[in-house]
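Structural description and commentary
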Amino acid sequence: MAVTPGRHLTATILGAHLSYVLDGGERRDTRLLLKVVMEETRLATLWSVGDLVMARRQLLNLKHLAETEHRAGAPRP
């Protein structure tokens, strides 16, 4: 596992390497990027289809939470 607080998190789960990176834009916006890397196998193909659905939902939930905190005026770390 590798962590840069407030910027980057990389972990390995079931042989897949997942990286979450915060990308600060030119304006006051921030994008959360997710990259998944794993060895190409039949199991990996099936796993990636299911993970796509779950990862999309996870990122949408994180977006909702961040926007809710922003509207509430929560200070940025």
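The structure contained in this document is the topic of the report that follows. (Residues numbered from 1 in each chain as written. Predicted model: local features only at pLDDT ≥ 70, side-chain atom pairs only at ≥ 80, totals over all residues. Heavy atoms only, no water.)

Let us now look at the layout of surface pockets. A volume near 200 Å³ is recorded for the second largest pocket. As for the second largest pocket, its lining consists of 13 residues, of which Ile-13, Leu-18, Tyr-20, Asp-51 and Gln-58 are closest to the centre. Of all the secondary structure elements, the ones that give two or more residues to the lining of the second largest pocket are β2 (8–13), β3 (16–24) and α1 (42–72). Looking at the lining of the second largest pocket, the element that brings in the most residues is α1, giving five residues. Taken together, the residues of the lining of the second largest pocket sort by class into 10 nonpolar, two polar and one charged. (1 Å grid on protein atoms, 1.4 Å probe; cavity = no way out; pocket = protein on both sides within 12 Å on 5 of 7 lines; lining within 4 Å. Points joined across faces, edges and corners; volume = space filled by probe spheres on them. Helix = DSSP H or I, 4+ residues; strand = E, 2+ residues; numbered from the N terminus. Nonpolar A, V, L, I, M, F, W, Y, C, P; charged D, E, K, R; others polar.)

Pairing is antiparallel across the open sheet formed by four strands, whose spatial order is β1-β2-β3-β4. The open sheet has two edge strands, β1 (2–4) and β4 (30–37), and neither has a second partner. Going across the sheet, the axis of each strand differs from the next one's by a mean of 15°, ignoring polarity. As judged from the three bridges shared by β1 and β2, these two strands associate in the antiparallel manner. When the sheet's bridge partners are listed, Thr-4 is paired in β2 with His-8. Strand contacts of α1: β3 and β4, with the helix running at about 165° to β4, the strand carrying the most contacts. (Pairing = 2+ DSSP bridges. Axes fitted to C-alpha atoms, helices over the stretch in contact; angles between N-to-C directions. Contact = heavy atoms within 4.5 Å.)

So, about the environment of Arg-56. Among the structural elements, Arg-56 can be located in helix α1. Separated by 22 residues in sequence, Arg-56 and Leu-34 have C-alpha atoms that sit 9.7 Å apart.

One pass over the full model with this rule turns up two salt bridges. For Asp-23, the salt bridge is made with Arg-31, and the minimal N-O distance between the two is 3.9 Å. Judged by relative accessible area, which is 49%, Arg-31 ranks as partly exposed. For Lys-63, the salt bridge identified is with Glu-67, shortest N-O distance 3.7 Å. Remark: Glu-67 and Lys-63 occur in helix α1; sequence separation between them is four residues, near one turn of the helix. (Salt bridge = Lys/Arg side-chain N within 4 Å of Asp/Glu carboxyl O. Buried < 20%, exposed > 50% of the residue type's maximum accessible area, 1.4 Å probe, protein only.)

The grouping of Leu-22, Leu-32, Leu-62 and Leu-65 at the surface amounts to a nonpolar patch, some 310 Å² of accessible area in total. In this structure Leu-62 comes out as partly exposed when scored by relative accessible area, which is 37%. (Patch = residues over 30% accessible without salt bridge, like charges linked within 9 Å, V, L, I, M, F, W, Y side chains within 5 Å. Areas by Shrake-Rupley, 256 points an atom, 1.4 Å probe, with all protein chains shown as cover.)

These figures capture arrangement, not role.
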